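Notes for the structure review
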Amino acid sequence: MNTQNLPPLPSIDGDVELTLSVYTHQSVQNLYNNINSPKEYDSDRLAELGEHVLDLATTNYLYNKRPIMNANDIKTERINILDSERINHWLEAYNLKSRLRTSSPSVYNDPQEMRQYFLAYVGAVYLSSGMSTAENWLVQLIDPNAQPLDFPGQASDPLANAISMPPQYSLPPPAPTTQPPPLPHPLPPGYPPASNSTSSTSAMSIPWLSLAAVNQAASQRHASINYVADTMTGPPHAPTWTVHCLSKIIAPRTC
């Protein structure tokens, strides 16, 4: 593999505790820490996080690769890409082995230990710079000719932004929950005074004409009235209804 095509190594120097945890092997950490009380930054915890970051970045790269690969081919190719020999080569190319502090020199020749070391570094990059930085770096490690991934409008971690910023929806105004006003009860006998005229025109000219008067007049003329709502205006909590009435003459009963 050509080491000249390797992308720049993302820095994790901004957090001293995080950096020390990456470069300190678990055998050294156990000398000073209680293994039953894990720390926030722990090489094993970072490696666990880094394994999933590396797996996601590799899977996403293979998923979008052309020609399209089926699921089994993606799994097989991912295993081939992430073998211990390749990871060991990356460590040597970046000269990361010389930075690792360990109480046992045999660790440097243990493929599994070196894999854990690299995964811890991946986890630290994710924590310090976000998924976009980690994924771009890892994809270009896998394929030096791959184009950098584009995360438009996103900060260092698009997933964090997606969680912290809920989507905005344009909702229609709520439907009114109130119904048209109930019809008034008939007025008591004698009010308003009954008109002797049978002309509807004279009834409509009465200045105190109201729904109550209309109902009273309809009752006297044996007519039934149905009120049909036309429109509603105003706010939903205090609507104003416009209605029109339909009348029907009812023949008086004969005994």
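Worth saying up front: this structure is predicted, and the values here are computed from it rather than measured.

Criteria and cut-off values
Residues numbered from 1 in each chain as written. Predicted model: local features only at pLDDT ≥ 70, side-chain atom pairs only at ≥ 80, totals over all residues. Heavy atoms only, no water. Helix = DSSP H or I, 4+ residues; strand = E, 2+ residues; numbered from the N terminus. Buried < 20%, exposed > 50% of the residue type's maximum accessible area, 1.4 Å probe, protein only. Contact = heavy atoms within 4.5 Å. Areas by Shrake-Rupley, 256 points an atom, 1.4 Å probe, with all protein chains shown as cover. Salt bridge = Lys/Arg side-chain N within 4 Å of Asp/Glu carboxyl O.

Topic: the overall build of the chain
The secondary structure content of the chain amounts to 10 helices and two strands. Listing the helices and strands of the chain from first to last along the sequence gives α-α-α-α-α-α-α-α-α-α-β-β. A burial count over the chain gives 30% of its 255 residues as buried. Pairs at least 24 apart in sequence give 58% of the contacts found in the chain among residues at least 6 apart. If you sum the accessible surface of the chain, you get close to 16,900 Å²; carbon and sulfur atoms cover 56% of it.

So, the pattern of salt bridges
Applying the stated criterion across every chain, the model contains two salt bridges. Here Arg78 and Asp55 are joined by a salt bridge, their closest N and O atoms 3.1 Å apart. With a gap of 23 residues between them, Arg78 in helix H4 (residues 71–81) and Asp55 in helix H3 (residues 43–63) connect regions that are remote in the sequence. Taking the relative accessible area as the measure of exposure, Arg78 reaches 18% and is therefore buried. For the salt bridge of Lys97 with Glu92, the shortest nitrogen-to-oxygen distance reads 3.4 Å. Judged by relative accessible area, Glu92 falls into the partly exposed class, the value being 48%.

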